[in-house]
Amino acid sequence: PRGTGLAAGSLPLVLGGIATAAALALRVVGRLRRVVGALGAAVGAGLTLTAVLQFWLGSLDGSYLANTGIVSLGIAAIVTSVLGLHNVLGHAGLGLGALTMLLLGNPLSGITSAPELLPAGWGTLGQWLPPGAMGTGLRSTAFFDGAALGLPLTVLGLWLLAGLTMLLLPVRAARTSTAPAPAAASTNRLEANPPKM
């Protein structure tokens, strides 16, 4: 009830989003299936985690559906952006997205205190990353009847849109289809230059 549940729940929310993105990137084939998996996981996790925070731990007030919407949107923004970076940059994109959300987004979110209490500039940056926007949006719906909800919704919506755009681009498929397979390349060299006996 003093807000420690919300603060303690921020890291699992971020880690859960990253883990979901990694699992989808490494186990699920097909961009459309990954989109469906990401959105489905975000809704399911939002429903579950919000129920735990609100009804079991008593850390949230307000409308359960509004709180669930913010949590689901935040998780969807994290998952799709990390998946999108993986689609564009490969495994390096997966690492870059995970590090951005975990090492920048989580500590700069201001969930444990307030964005205004962070060093100048860093708190503002944190509000433009999904964990910070999700934390501020959840405070707004849970305790302030949705006041000042516009910026968090805009930030989460932009991250979700950017992630879906990167995820649906046929970048990796085009890049891998133009590169010859190693076996085929070596066979072509052997046929062009047969070994001398």
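One can find the structure itself at the top, above this paragraph.
All of the points below concern the structure found in this document. Keep in mind that this is a model prediction, so the values were computed, not measured. In this convention, every chain numbers its residues from 1, walking through the sequence in written order. Local features are withheld for residues below a pLDDT of 70 in this predicted model, meaning they are given only at 70 or higher, and side-chain atom pairs are given and counted only at 80 or more; totals for whole chains, interfaces and linings count all residues. Remark: hydrogens and water are excluded; side-chain values derive from all non-hydrogen atoms of the structure.

So, on to the packing of helix 3 (residues 64-89) against helix 7 (residues 150-168). Packing of helix 3 against helix 7 leaves a shortest axis separation of 7 Å and a crossing angle of 30°. Along this stretch, helix 3 crosses helix 7, giving a crossing that reads as left-handed. On helix 7, the residues touching Ile 70, Leu 73, Gly 74, Ala 76, Ala 77, Thr 80, Ser 81, Leu 83, Gly 84, Leu 85, Asn 87 and Val 88 of helix 3 are Leu 153, Leu 156, Trp 159, Leu 160, Gly 163, Leu 164, Met 166 and Leu 167. Note that Gly is not counted as nonpolar here; it falls among the polar residues with everything else outside the nonpolar set of Ala, Val, Leu, Ile, Met, Phe, Trp, Tyr, Cys and Pro and the charged set of Asp, Glu, Lys and Arg. Within the contact of helix 3 with helix 7, the residues separate by chemical class into 14 nonpolar, six polar and no charged. Orientation is described by lines fitted to C-alpha atoms, with helices fitted over the stretch in contact, and by angles between N-to-C directions that extend from 0 to 180 degrees. By the criteria applied, helices consist of DSSP H or I runs no shorter than four residues and strands consist of E runs no shorter than two, each listed in order from the N terminus. Should the near helix be turned counterclockwise from the far one by less than a right angle, the crossing is left-handed, whereas a clockwise turn marks it as right-handed. The contact rule is simple, with two residues in contact once any of their heavy atoms fall within 4.5 Å.

So, about the packing of aromatic side chains. A pair of Phe, Tyr and Trp rings is counted when the ring centres sit within 6.5 Å of each other, with Trp represented by its six-membered ring. The angle between the planes then sorts it: under 30 degrees is stacked, over 60 is edge-to-face, the rest tilted. Tallied over the full model, the rule gives one aromatic pair. Measuring from centroid to centroid gives 5.1 Å for Phe 55 and Tyr 64, while their planes differ by 40°, and the two rings are tilted. Burial here depends on accessible area, computed with a 1.4 Å probe over protein chains only, as a share of the maximum for the residue type. Under 20% is buried, over 50% is exposed, and the range in between is partly exposed. Accessibility expressed as a relative area gives 57% for Phe 55, which makes it exposed.

This part takes up unusual backbone geometry. Positive phi values are uncommon outside glycine, yet Asp 145 reaches one of about 55°. Its place among the elements puts Asp 145 in the loop between helix 6 (130-143) and helix 7. Despite not being glycine, Ala 148 has its phi angle at roughly 55°, a positive value. Topologically, Ala 148 is positioned in the loop between helix 6 and helix 7.

The next subject is helix 1 (residues 4-27). When the terminal C-alpha atoms of helix 1 are compared, their 35 Å separation across 24 residues agrees well with the 34 Å that a helix rising 1.5 Å per residue should span. Throughout, bend refers to the angle between the axes fitted to the seven residues that end at a position and the seven residues that start at it. The largest bend along helix 1 reaches roughly 25° and is located at Ser 10, with the proline Pro 12 sitting one to four residues downstream. When helix 1 is considered as a whole, its buried residues turn out to be Gly 5, Leu 6, Ala 7, Gly 9, Ser 10, Leu 13, Val 14, Gly 17, Ile 18, Ala 21, Leu 24 and Ala 25. To estimate the expected span of a helix, count its residues, drop one, and scale the result by 1.5 Å.

Scope: geometric values only; no functional claims are made or implied.
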